There are 2 protein chains.
Amino acid sequence: MENDAEINQRASLLPIWQVAERIGLSADDIEPYGRYMAKVRMEAVRRAARERRGRLIYTTAITATPAGEGKTTVAIGLTQALGRLGKRVAVCLREPSLGPTFGVKGGATGGGLSQVAPMVDINLHFTGDMHAVTSAHNLLAAAVDNHIHQGNALGLDPKRVSWRRVMDMNERQLRHVVVGLGGAGDGVVRETGFDITAASEVMAVLCLSRDLRDLKERLGRMVVGQTAGPSRSRRWVSAREIGVVGAMAVLLKDAIKPNLVQTLEGQPAFVHGGPFANIAHGNNSILATQTALGLADYVVTEGGFAADLGAEKFFDIVVPQTGLVPDVVVLVASIRALHHHGGASKGDLHTPNRDALQKGLSNLDRHIANIRKFGLPVVVAVNRFAADDPGEIRAVIEHCRSLGVRAEAADVVARGGEGGLELAGAVLETIEEERPDFRPIYRWEEPLAGKIERLATEIYGADGVDFTPEAAAALEDLSAHGFGGLPVCVAKTQFSITDDPSLRGAPTGWRLKVREIRPSLGAGFVIALTGEIMTMPGLPKEPAALRMDIDETGYVTGLS
Amino acid sequence: MENDAEINQRASLLPIWQVAERIGLSADDIEPYGRYMAKVRMEAVRRAARERRGRLIYTTAITATPAGEGKTTVAIGLTQALGRLGKRVAVCLREPSLGPTFGVKGGATGGGLSQVAPMVDINLHFTGDMHAVTSAHNLLAAAVDNHIHQGNALGLDPKRVSWRRVMDMNERQLRHVVVGLGGAGDGVVRETGFDITAASEVMAVLCLSRDLRDLKERLGRMVVGQTAGPSRSRRWVSAREIGVVGAMAVLLKDAIKPNLVQTLEGQPAFVHGGPFANIAHGNNSILATQTALGLADYVVTEGGFAADLGAEKFFDIVVPQTGLVPDVVVLVASIRALHHHGGASKGDLHTPNRDALQKGLSNLDRHIANIRKFGLPVVVAVNRFAADDPGEIRAVIEHCRSLGVRAEAADVVARGGEGGLELAGAVLETIEEERPDFRPIYRWEEPLAGKIERLATEIYGADGVDFTPEAAAALEDLSAHGFGGLPVCVAKTQFSITDDPSLRGAPTGWRLKVREIRPSLGAGFVIALTGEIMTMPGLPKEPAALRMDIDETGYVTGLS
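Just so it is clear, the model here is predicted, and its values are computed rather than measured.

Scanning chain A from N- to C-terminus turns up 20 helices and 25 strands. By the compact-globule yardstick of 24 Å for 560 residues, chain A fits well, its C-alpha radius of gyration being 23 Å. Taken over the C-alpha atoms alone, chain A extends approximately 70 × 55 × 45 Å along its principal axes. Taking all 560 residues of chain A together, 65% fall into the buried category. Surface exposure of chain A reaches about 18300 Å², of which carbon and sulfur atoms provide 50%. Taking the 61 positively charged and 66 negatively charged side chains of chain A as two groups, their mean positions are separated by 3 Å.

Here it is as structure tokens:
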């Protein structure tokens, strides 16, 4: 059987201008990158984003195993199914990051017959957005240290520079570094570190900006550190004061334009923006989603990781500032993940096990209940794997229906859009019959600690929150400076609904540990780092990179 | 008067497929990046590079002032002039680096009416080659440290890891760093540093590779460090042993394809590969030059900095392995640089000063003599600046003619190709009347120290070479390991023909100081770092980035 990369590389694709035409974009509205990728010009984005035409189908998932449960694949398969039903449809996804691609995952463009293409290019440099974010972020870092080195007119405290550097790489070696060693001409000695580019505030800003002007305003509001002196007189220093906001925007001038590619069945796919959902806000750009909603009748969009991460952040951070209320939420589950949550061991996830399945439903139920708390209609999609027991799939579907939730199996890996027709039907019915009655979990005007407590108790199922003294002090400091009204972006493990990656199911009787607070004033939120979550991953013992190769004809192997 | 960026951004450009057609490339032979940039597909590169059709015009310069004397501008203007004379012509240039663009220079695409376009995009991310080199380089770095962290099966000595990291940024703060701090899961504590991407061995490899297979072989030969143990048993560890050569080649699969853009007068311009000539080998990719030579009758190519740097490295490193012998060398001089070499002060370079001019000719004469040592015909181009005194220009031209060298003024900034017609005539006459009798300065089989000494005495005008004990030991070690037959790439200041940036003219009675040796076994040369030269520049007090901006329509200012 062919693997994903083989299927993708031998697929016959439409020229990208033909894909654009399917949703009313002319060849003049796009800028080609090769034959099968393009950026949408800002004029066309402005035109399309002016009015919402389409229904928004938000795809999320239950808490996944490390292998992932195929949320992206289901989103693509559902899009292909809606296409087969004659709907004018588009899908919006996040861009892959080189770090995980060369580390563990080996790619992020769907699977089997439900993929976006060209997968090799999308998984590599694509249209350069990640590199643009990296460059803009690190230009600011260089300018901050240069400012200190050249006389430090702003009085920045080198010990209180909070702006780190980024690299799109899994680089544990760069998590904690000392820079500025050498001689007098080699800068200022201080401790700092690198995050992965997906965690950069510049990435969040890019994904939340409405246009170039908004981008510049947000970049200017980002803070890079504090001045020296006693706490009363200390103040935050902004990127605007450093003076490179214009240059950063110049570096991002193309990255802000949504990227257009296609599904294996020829539907338009906007793949744009790549913040991770565990350490960042985890959703593709609002410009991509708005553009798609202005051009298509149905837009499938996807948030990262489980519904307590990407989806929660979309509902609490993105929707209140954009009005992009979903018409329906598709919650992706898999039999193997339910086995996992029910206690099955790693090697046994594909073995039928009704007992584990039954227990594992606790995780699914929690996510269903959470989505309902937001007032949103929900449909469950059971992503079918080849080894799945049909009886177990039926059991999950019946369980959902007993809760009054539509549920269907999605056989989109093996059958493409054809395998998603039942799911598409359930989604369309739900859109027709149910109306969203959207309400966020917290109001922005609540205190910062209160917002985190509400997420902990109402979404994650904790009894409460423990703040380290540093975190508590940082929250107070932010409130005192007038930033208490920002929403909260919780950085939390994707392997559990709790902050402990080893806990499965839907645990209760635990407390969320918030160890560090980082202001993201340009993105417009406050990051709360919980548990052991790290903003720079490491490579595993056998990185995916070891398996990759390219032959003389340019054919790539080892991306999957 | 309009500045360079204004001229460039308002120029009406040809669609890139029309530019390609001018040298016989079809729309199928190229991959567009937007409307005005493209990569040439490898099939077309192979076809074109099979046979040399054109004459090669190598453009270099005398030792420049920090502002530069317009070598790129003259190369472009000469190309435009040859185009006006009805010749089938193309120009080959190196790609700009973001570091200097945001640091001092603000761009590297020519000036006035002699530019390549679109300058904003070429100066920013272009087609992503620099980012691809950065990613490939840093993937290897991450894999090396991961190898050590995960058990170190190869027995690498953390203290002898020679593979550094790179960033395309002027980042003095990262010259000397300690990485791997933090806890047990955060890697191995050791000292290292970052170089600018233009100094990466991966960049050199990319520029010297004949095809994807050669690229992989060269990447595999690169060394990353030495094993632990007493010096007798120590051995070099190669990138191939680390296991990510295939993945690096995957990252470079598009970067290896030459980029096609156009001059302001519509001639094809291959802008591909960007090693600096002071700290690296300083020439665009051999694939670009070979492709151009297979398609055009005249190819103007340009080497970085003065003739003791980019040109010397082209003649001694590139030509012996490619046979790309130039038919003629154009040596660019300017009145202000000659004033500078004659002792005029920085503020007075544009003031007529016959005495300084006369003295400054020593630098021009040295470079002319050097080019003749290589057995190559030479033409001097005096790049005219608006403030130049016509009498001084005439004096320089007459001086050259007294040496038997054709010389013409080039008024290409103000007048474009029209202003380069006399120069083009002199170049064409020289090609018709003189034949290159090429001989490199050294034979590769001479000892490494002997090669450096020959360059020092015959090209730079030194009395001899002083090696630090570390450098001498490294040369011995390399010879003992069988690498004594590699050519030498000297890293040396661009501000003087000596290793001391403050010395002007053509000094004698000094000795070259070689302080460090770095093997570049993939590139196939040994780097000798001299004087105070650094492989990571810093930002000035007022970086060019502070002046840059973009408005809501996407119009960029401050790049120049």
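This part takes up the environment of B:Phe270. Turning to its location among the elements, B:Phe270 is positioned in strand β15 (residues 268–271). On a C-alpha basis, the gap between B:Phe270 and B:Gly425 in space is 23 Å, while along the polypeptide they are 155 residues apart.

Attention now moves to the relation of the copies chain B and chain A. For the pair chain B and chain A, the relating rotation is 180 degrees, the translation along its axis is 0.0 Å, and the fit reaches an RMSD of 0.0 Å. The symmetry that links the two subunits is that of a two-fold axis. Distance from the rotation axis, computed per C-alpha, reaches its smallest value in chain B at B:Tyr33: 2.2 Å. An overlap of 100% is found between the interface residues of chain B and their copies at the interface of chain A, pointing to a shared contact surface.

Residues and elements named next belong to chain B. In the contact formed by helix α15 (residues 354–373) and helix α19 (residues 448–460), the axes pass within 9 Å of each other and the chain directions differ by 125 degrees. Relative to α19, the element α15 is oriented oblique. Residues Arg366, Asn370 and Lys373 of α15 touch α19, and the partners they reach there are Glu458, Ile459 and Tyr460.

Let's shift gears to helix α3 (residues 42–49) of chain B. One full turn of an α-helix is made of 3.6 residues, so residues set three or four places apart face in the same direction. Residues and elements named next belong to chain B. The set of residues buried in α3 consists of Met42, Ala44, Val45 and Ala48. Buried residues of α3, seen end-on, are gathered within an arc of 155 degrees and therefore sit on one face of the element. In this structure, the buried side of α3 is in contact with β2 (38–40) and α12 (286–295).

Ranked by internal contacts, the top residues of the largest apolar core, which has 311 residues, are A:Leu364 and B:Leu364. Look past the residues within four positions of B:Leu364 in its chain and what remains in contact with it is B:Ile62, B:Leu331, B:Ala333, B:Leu338, B:Val380, B:Val396 and B:Cys400. Membership of the second largest hydrophobic core comes to 68 residues, among which are A:Ile76, A:Val412, A:Ile431 and B:Val116.

Our next topic: the sheet that holds strand β23 (residues 525–530) of chain A. Residue and element names in this part refer to chain A. Reading across from one edge, β20-β22-β23-β21 is the order of the 4 strands in this open sheet, with mixed pairing throughout. The two strands at the open ends of the sheet, each matched to only one other strand, are β20 (464–467) and β21 (488–491). For this sheet, the mean inter-axis angle between neighbouring strands, taken without regard to orientation, is 40 degrees. Each of β20, β21, β22 (511–520) and β23 touches helix α19 (residues 448–460); the most contacted strand, β20, lies at about 135 degrees to it. Set on the sheet, helix α20 (residues 469–480) makes contact with β20, β22 and β23; between it and β22 the angle comes to about 45 degrees.

Counting from both sides, the interface comprises 77 residues of chain B and, opposite them, 77 residues of chain A. In total, chain B and chain A occlude about 6200 Å² of area from one another, counting both sides; carbon and sulfur atoms represent 58% of this. At the junction of chain B and chain A, the tally comes to 12 salt bridges. Here A:Asp28 makes a salt bridge to B:Arg35, at a shortest N to O gap of 3.7 Å. Connecting chain B to chain A are 41 residue pairs in polar contact (both at pLDDT 80 or more). It is helix α7 (residues 129–149) of chain B that contributes the most residues to the side of chain B that touches chain A, 11 residues altogether. Residue classes in the side of chain B that touches chain A are distributed as 38 nonpolar, 18 polar and 21 charged.

This part takes up the pattern of salt bridges. Tallied over the entire structure, the rule returns 88 salt bridges over all chains. The partner of A:Lys257 in a salt bridge is A:Glu31, with the nearest N and O atoms 3.3 Å apart. Remark: A:Glu31 occurs in strand β1 (residues 30–33) and A:Lys257 occurs in the loop between α11 (245–251) and β14 (259–263); sequence separation between them is 226 residues. When sorted by exposure, A:Lys257 lands in the same class as A:Glu31, which is buried. A single salt-bridge network, built from bridges that share partners, covers A:Glu31, A:Arg41, A:Lys253, A:Asp254, A:Lys257 and B:Asp121.

A few words now on the packing of aromatic side chains. Residue and element names in this part refer to chain A. Overall, the coordinates contain 14 aromatic pairs over all chains when judged by the stated rule. An angle of 75 degrees between the planes, with centres 6.2 Å apart, marks the rings of Phe314 and Phe315 as edge-to-face. Centroid distance Phe374 to Phe438: 6.5 Å. Interplanar angle 10 degrees. Geometry classified as stacked. Of the two residues, Phe374 is situated in the loop between α15 (354–373) and β18 (378–383) and Phe438 in the loop between α18 (421–433) and α19; the sequence distance between them amounts to 64 residues. Clustering of aromatic rings is evident, with ring pairs tying together Tyr58, Phe314, Phe315, Phe374 and Phe438. Its guanidinium or amino end placed over the ring of Tyr460, Lys492 lies 4.8 Å from that ring's centre, counting from NZ or CZ.

All names here are of chain B. Of all 5 residues that make up strand β4 (residues 89–93), 5 are buried, and the element is covered over most of its length. Residues Val89, Val91 and Leu93 point to one face of β4 and Ala90 and Cys92 to the other, with burial holding for every one of them. Examined bridge by bridge, β4 and strand β16 (residues 298–302) share 4 bridges and lie parallel to one another. Its bridge partner lying in β16, Val89 is registered against Tyr298. Taken together, the 3 bridges between β4 and β15 define a ladder with parallel strand orientation. For Cys92, the partnering residue across the bridge sits in β15 and is Phe270.

Turning our eyes to something else, we now look at the sheet that holds strand β7 (residues 156–161) of chain A. Residue and element names in this part refer to chain A. Read from one edge to the other, the open sheet built from 3 strands follows the order β7-β12-β13, with strand pairing classed as antiparallel. Every other strand in the sheet has two partners, leaving β7 and β13 (236–238) as the edge strands with one partner each. Taking each pair of neighbouring strands and ignoring which way they run, the sheet shows an average axis angle of 50 degrees. In terms of strand pairing, strand β12 (residues 223–227) meets β13 through 3 bridges, oriented antiparallel. If you follow Gly225 over to β13, its bridge partner there is Val237. Packing of helix α7 (residues 129–149) onto the sheet brings it into contact with β7 and β12, and relative to β7 it is tilted by some 130 degrees.

Next up on the list: the side chain of B:His399. All names here are of chain B. Along the polypeptide, His399 turns up in helix α16 (residues 390–402). Since its relative accessible area comes to 18%, His399 is described here as buried. Not counting residues within four places of it along the chain, the set of residues in contact with His399 comprises Leu361 and Asp365.

Looking now at the UniProt feature "binding site: ATP" (unreviewed entry) in chain A. Residue and element names in this part refer to chain A. Those places that UniProt annotates as "binding site: ATP" (unreviewed entry) correspond, in this numbering, to Thr65, Pro66, Ala67, Gly68, Glu69, Gly70, Lys71 and Thr72. A residue is classified by how much of its surface remains accessible, and Ala67, at 61% relative accessible area, is exposed. Within the secondary structure, Lys71 sits in helix α4 (residues 71–84). Assessed through its relative accessible area of 11%, Lys71 is described here as buried.

Moving on to the domain arrangement of chain A. Residue and element names in this part refer to chain A. Domain annotation for chain A reports domain 1 (4–128 + 255–433), domain 2 (130–251) and domain 3 (448–530). Each side of the interface is counted separately: domain 1 has 25 residues, and domain 3 has 22 residues. Carbon and sulfur atoms make up 56% of the area that domain 1 and domain 3 hide from each other, which totals about 2000 Å². Contact with domain 3 buries surface across domain 1, with Asp308, Ile317 and Arg366 losing the most and accounting together for 27% of the total. At the junction of domain 1 with domain 3, the criterion picks out 1 salt bridge. Lys492 is the salt-bridge partner of Asp308, the closest N and O atoms lying 2.8 Å from each other. In this assembly, domain 1 and domain 3 are joined by 13 residue pairs in polar contact (both at pLDDT 80 or more).

This part covers the side chain of B:Arg336. Among the structural elements, B:Arg336 can be located in helix α14 (residues 335–341). Ignoring anything within four residues of it in the chain, the contact list for B:Arg336 reads B:Thr65, B:Ala67, B:Gly68, B:Glu69, B:Leu349, B:His350 and B:Phe385.

What counts and how
Residues numbered from 1 in each chain as written. Chains lettered and ligands numbered in written order. Predicted model: local features only at pLDDT ≥ 70, side-chain atom pairs only at ≥ 80, totals over all residues. Heavy atoms only, no water. Helix = DSSP H or I, 4+ residues; strand = E, 2+ residues; numbered from the N terminus. Rg over C-alpha atoms; globule rule 2.2 N^0.38 Å. Buried < 20%, exposed > 50% of the residue type's maximum accessible area, 1.4 Å probe, protein only. Areas by Shrake-Rupley, 256 points an atom, 1.4 Å probe, with all protein chains shown as cover. Lys, Arg positive; Asp, Glu negative; His and termini not counted. Charge placed at Lys NZ, Arg CZ, Asp CG, Glu CD. Least-squares fit on C-alpha atoms with pLDDT ≥ 70 in both. Contact = heavy atoms within 4.5 Å. Axes fitted to C-alpha atoms, helices over the stretch in contact; angles between N-to-C directions. Parallel < 35°, antiparallel > 145°, perpendicular 65-115°, else oblique. Arc of directions from axis to C-beta. Core = buried A, V, L, I, M, F, W, Y, C linked by side-chain atoms within 4.5 Å. Pairing = 2+ DSSP bridges. Buried area = accessible area lost by both parts, 1.4 Å probe. Salt bridge = Lys/Arg side-chain N within 4 Å of Asp/Glu carboxyl O. Polar contact = N/O pair within 3.5 Å; in protein donor to acceptor, adjacent residues only side chain to side chain. Nonpolar A, V, L, I, M, F, W, Y, C, P; charged D, E, K, R; others polar. Phe/Tyr/Trp six-rings, centres within 6.5 Å; stacked < 30°, edge-to-face > 60°. Lys NZ or Arg CZ within 6 Å of the ring centre and 35° of its normal. UniProt positions renumbered as here; feature names shortened; annotations may be inferred. Domains from an automatic or database assignment.

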